[in-house]
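Remarks on the overall topology
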Amino acid sequence: MLGIGKTVKRETEGFAGKTSAGASFVKVFASGGLLSDPATRIALERQLPESQNVEVAAAAGSIRIDAPFVLALHLEPSQLDAIADAVLVQRAAGHKTTLIVAISTTQLAALGRWLDARANAGKLSGTRLILANSVEAVAQHLPDRLTAVTEDNVIRMPVSPEIENTAYKNFFTFSPQLHKLAARIRGFAENGVTRAYLLGGPGSGKTSFAYYYWLVRNKGRFVSVNLAAEATGDKAAIKSLLCGDVSGAFPGAGARTGSFLHARDGVCFIDEAHGVTGPVMEVLMEALDNGQYLPYGASAKQPIHCAILFASNRSWETLQNSVNLDEFTRMGAAILEVPELHKREEDMIAVIATTLARLGAKCGSWKAPLGLTEGGWKAIRDCRWHGNVRSLTRVLEAAFVDTASVGAGELIQAEEVEHGIALWEPKTHHSHKIYAAA
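We now turn to the structure provided with this report. The residue count restarts for each chain, going from 1 along the sequence in the order it is written. In keeping with the model being predicted, local features are shown solely for residues with a pLDDT of at least 70 and side-chain atom pairs are shown and tallied solely at 80 or more, while totals for entire chains, interfaces and linings include all residues. The side-chain numbers reported here are obtained from all heavy atoms of the structure, hydrogens and water having been left aside.

1. Quick look at the overall build of the protein
In this text, helices come from DSSP runs of H or I with a minimum length of four residues, and strands from runs of E with a minimum of two, each type numbered from the N-terminal end. Each helix and strand counted, the protein has 16 helices and 16 strands in total. The reference for a compact globule is 2.2 Å times residues^0.38; the radius of gyration itself is calculated from the C-alpha atoms. Its C-alpha atoms give the protein a radius of gyration of 25 Å, near enough to 22 Å, the size a compact globule of 438 residues would have. Considering only C-alpha atoms, the protein reaches an extent of 80 × 55 × 40 Å along its principal axes. For the protein, the residues scored as buried account for 50% of the 438 residues in total. A total accessible area of about 19300 Å² is found for the protein, and carbon and sulfur atoms account for 50% of it. Positive charges come from Lys and Arg alone, negative charges from Asp and Glu alone, with His and the N- and C-terminal ends not counted. A charged residue contributes its charge at one atom only: NZ of Lys, CZ of Arg, CG of Asp or CD of Glu. Measuring between centres, the 44 positive side-chain charges of the protein sit 3 Å from its 44 negative side-chain charges. Only protein chains enter the accessibility calculation, which uses a 1.4 Å probe; a residue whose area is less than 20% of its type maximum is buried, one above 50% is exposed, and one in between is partly exposed. Accessible areas in this description were obtained via Shrake-Rupley with a 1.4 Å probe; residue shielding takes into account the shown protein chains only.

Written as structure tokens, this is what we have:
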């Protein structure tokens, strides 16, 4: 028999009022024993706002959506398409219908394949995620998911944004924190804010959100400059990179289009911007102050038409202390903080699922793990993840190889996860102090 949790009395954002008489607040699609057991409905209903109810239906045949929230309860991901499509129809009609997908830790790789397929088809929107192995555990998470989703669940961007016909990758955004950030960035792009500073730890998704700004701006080109890969101590090289140069500007120089001009009225994204010191700042000062620049060796200045976005994984305090404050304030950028991964459980679930699916698709002689044990999921959930998505991916790769290479079973154990964490995400490291903690 299922346990019954404490009743939660709360209003849900976007659905504060009661549903109409006879209508359910959450429609649950289930199969097998979960469908026929009345305790399923009771356990979930006890977690709902007062006077709201649950309807449990079969995930087969014609799918009818008549509730603001839809819960797919431990269904095989292959069963989700019809439900997700029905939710998209409701959203296209102006409703705020939200799909909550609850899966077990054994279904992670299958979920990853489904997420990538939906994202690649442009059909992933209005969705929340729960990872829990029992109905009781799903019920405990449910109140936190009863919030209307107003943003898409993925940012699709080229693997190499400045190369034509490159493959695309998916950056998943399921958490309310990232939805809030996406809305703020969209507001910047739509309202003439053409200078912003993205702060977030390593691997938190700063480049993806800079690209999202460009998608919303819908002008010019997206041009990325990684200062960590440039000779930032060479003023001539930096001036040529950003401002361009004319033929003969220095021995052996041919004409070069700088990043500002190449972006046109699009976005110049300056990554690793803690490198904006010394010669880099000297080159940027005129551009940032007056909106114009002088190509190296040229006699006439050029106006800047592009937006300039900076990004750094350093804390704001570290950035302030690294430069002359007068120079620093010339950047004049609004701040956009990318939340750390350990605060975003739903995004963590998506990263785990799609990484396991990607690794499993490459297996030949190895048997790919299907998911994690509960202990493995707990080890990931409890980790701080200073390296965010990048570190979690490395840890999963290590744990996957350690499991699959010796035929250790269908699920990755906590020991393999903890070993990967020790390799790629140590609890203490001198670099942790300088990184941003949004």
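2. Some thoughts on helix α14 (residues 374-382)
Residues lying three or four places apart along an α-helix face the same way, a consequence of the helix completing one turn every 3.6 residues. All of the buried residues along α14 are G376, W377, A379 and I380. Across the axial projection of α14, the buried residues extend over an arc of 160°, all falling on one side. Turned more than 90 degrees from where α14 packs its buried face, E374 and D382 sit exposed. In this structure, the buried side of α14 is in contact with β5 (127-131), α13 (345-361), β15 (371-372), α15 (388-404) and α16 (414-424). In this context, the arc is that of the directions from the helix axis out to the C-beta atoms. It only takes one pair of heavy atoms within 4.5 Å for two residues to be counted as in contact.

3. Describing the sheet that holds strand β13 (residues 307-312)
Two strands pair under a simple rule: DSSP has to find at least two bridges between them. Taken in spatial order, the five strands line up as β9-β10-β13-β8-β14 in an open sheet, and their pairing is parallel. The sheet terminates laterally at β9 (222-226) and β14 (334-337), the two strands that pair on one side only. When strand polarity is set aside, the average angle formed by the axes of neighbouring strands in this sheet is 20°. Alignment of strand β8 (residues 195-199) against β14, held across four bridges, turns out to be parallel. Note on β14: the bridge partner recorded for Y197 is I335. The convention used is that axes are lines fitted to C-alpha atoms, helices contributing only their stretch in contact, and that angles between N-to-C directions extend from 0 to 180 degrees.

4. Focus on the sheet that holds strand β1 (residues 26-30)
Taken in spatial order, the five strands of this open sheet run β2-β1-β3-β4-β5, and their pairing is parallel. Each of the sheet's edge strands pairs with one partner strand only, and the pair in question is β2 (54-58) and β5. Each strand axis lies, on average, 20° off the axis of its neighbour in the sheet, ignoring direction. As judged from the five bridges shared by strand β4 (residues 98-103) and β5, these two strands associate in the parallel manner. Considered in β5, the bridge of V101 is made with L129.

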